[in-house]
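# Survey of secondary and tertiary structure
Each chain is listed here by its residues.
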Amino acid sequence: MVLAGLAVIRATTTQQYQAAAALCLDNFATVPFPAVLHRPREIEKWSNLLFQRASGAEQHQLIVALDGDEDDSTLIGCVECGLLPPPPCRISFPPQPYVANLVVSPSARRSGVAKALVLKAEHLAHSWGYSELFCKVNRANIPARRLYDQLGFRPIFVQNLPSDWTNKQQSNIFMAKPLNASDMAPSSARDPGIRSSG
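Residues numbered from 1 in each chain as written. Predicted model: local features only at pLDDT ≥ 70, side-chain atom pairs only at ≥ 80, totals over all residues. Heavy atoms only, no water.

Turning to the overall build of the protein, a few remarks are in order. A tally of regular secondary structure across the protein gives six helices and eight strands. Written out in order from the N terminus, the α and β elements of the protein read β-α-α-α-β-β-β-α-β-α-β-β-α-β. The proportion of buried residues among the 198 residues of the protein is 42%. Look at the contacts in the protein between residues 6 or more apart in sequence, and 62% of them connect residues 24 or more apart. With an accessible surface of roughly 10,800 Å², the protein has 54% of that area assigned to carbon and sulfur atoms. (Helix = DSSP H or I, 4+ residues; strand = E, 2+ residues; numbered from the N terminus. Buried < 20%, exposed > 50% of the residue type's maximum accessible area, 1.4 Å probe, protein only. Contact = heavy atoms within 4.5 Å. Areas by Shrake-Rupley, 256 points an atom, 1.4 Å probe, with all protein chains shown as cover.)

Written as structure tokens, this is what we have:
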């Protein structure tokens, strides 16, 4: 649990891509049973994908949360912040900054880590000169929608997707948040248990 300790939020190092990939794989992927047997290969795929995205564009970064400031600290969360195509309702806009693949280890949830990661992404997008930050959330992901709502993101577009193999209608909600200079106080000033570095 992170509550008693200090979570450190910072840009990732090369060594942390594998840990971030494992965290994403364990929390996002619906992995069929045979793929579970090949977990190291699946982690390597995710790791390469995260690294390629972060190293392939100047305005794309993987932000990590660690359970301490030592070299052997454990990765407890991560989020990507980078430029992606604009929401469908703003198709004539150039690429816009998004938060994506926000994930926190189950043992560190409900301790402010996700909030701190998103706030760091807001600072990053603002430092790139953008005045808005976007996210795309599956409509069924109520905890994520609640978090983004609490952080000031507002729905701007609902994208209905084709039915999946279970014949369930899926949809994504695009959300946006204005980035005001007055809101860009360091995240540590808002939450003393979270420290931002780098």
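With that out of the way, let us pick up the nonpolar core. In terms of nonpolar packing, the biggest core is built from 32 residues, with Ile63, Cys81, Leu102, Val113, Leu117, Tyr148 and Phe153 touching the most fellow members. Broken down by secondary-structure element, the contributors of at least two residues to this core are β1 (7-11), β2 (60-66), β3 (75-84), β4 (96-104), α4 (113-127), β5 (132-138), α5 (142-150) and β7 (170-178). The element best represented in this core is α4, accounting for eight residues. Those residues in contact with Leu102 that sit more than four places away from it in its chain are Phe28, Cys78, Val79, Ala114, Leu117, Val118, Leu147 and Tyr148. With 17 residues, the next largest nonpolar core counts Ala20, Val64, Leu66 and Cys78 among its residues. (Core = buried A, V, L, I, M, F, W, Y, C linked by side-chain atoms within 4.5 Å.)

With a phi close to 55°, Asn101 is a non-glycine residue in the positive phi region. Note on placement: Asn101 falls in strand β4. Positive phi, close to 65°, is recorded for Arg110, a residue that is not glycine. In this fold, Arg110 is placed in the loop between β4 and α4.

The subject of this paragraph is the packing of aromatic side chains. In total, this model carries four aromatic pairs according to the counting rule given. Between Tyr98 and Phe134, the aromatic rings sit 5.7 Å apart at their centres with planes inclined by 35°, giving tilted as the arrangement. You can see Tyr98 sitting in strand β4 and its partner Phe134 sitting in strand β5, a full 36 residues away along the chain. Using a relative accessible area of 5% as the deciding quantity, one classes Tyr98 as buried. (Phe/Tyr/Trp six-rings, centres within 6.5 Å; stacked < 30°, edge-to-face > 60°.)

With the rule as written, the count across this model stands at five salt bridges. Salt-bridge contacts for Lys45 lead to Glu42; the nearest nitrogen and oxygen are separated by 3.5 Å. Taken together, the residues span about one helical turn, with Lys45 and Glu42 both in helix α3 (residues 39-56) at a distance of three residues. Between Arg154 and Asp149 there is a salt bridge; the shortest N-O distance is 2.6 Å. Under the relative-accessibility criterion, Arg154 is labelled partly exposed at 43%. (Salt bridge = Lys/Arg side-chain N within 4 Å of Asp/Glu carboxyl O.)

Relative to each other, helix α1 (residues 16-28) and α3 sit at 115°, their axes nearing to 8 Å. One finds that α1 runs roughly perpendicular with respect to α3. The way α1 lies across α3 gives a crossing that is right-handed. In this structure, α1 contributes Tyr17, Gln18, Ala20, Ala21, Ala22, Cys24, Leu25, Asp26 and Phe28 to the contact, and α3 contributes Arg39, Glu42, Ile43, Glu44, Trp46, Ser47, Leu50, Phe51 and Ala54. Counted by class, the contact of α1 with α3 contains 12 nonpolar, two polar and four charged residues. (Axes fitted to C-alpha atoms, helices over the stretch in contact; angles between N-to-C directions. Parallel < 35°, antiparallel > 145°, perpendicular 65-115°, else oblique. Left-handed = near helix turned anticlockwise from the far one by under 90°. Nonpolar A, V, L, I, M, F, W, Y, C, P; charged D, E, K, R; others polar.)

Keep in mind that low pLDDT regions are not for reading the predicted coordinates in detail. Across the protein, the average pLDDT comes to 82, with 79% of residues at 70 or higher. Contacts from residues 1-5, a stretch scored under 50 in pLDDT, to residues over four places away or in other chains number 10 contacts. A low-confidence stretch, residues 187-193 (pLDDT under 50), is modelled with 15 contacts involving residues beyond four sequence positions or located in other chains. (pLDDT = per-residue confidence, 0-100.)

What follows covers α4. An α-helical turn contains 3.6 residues, so a residue and the one three or four places further along point in the same direction. The terminal C-alpha atoms of α4 lie 21 Å apart, and with 15 residues this matches the ideal 21 Å at 1.5 Å per residue to within 8%. In terms of burial, α4 is largely enclosed, as 11 of its 15 residues are buried. Taken together, the buried positions of α4 are occupied by Val113, Ala114, Ala116, Leu117, Val118, Leu119, Lys120, Ala121, Glu122, Leu124 and Ala125. Phi turns positive, to about 95°, at Gly129, one or two residues after α4. (Expected span 1.5 Å × (residues − 1).)

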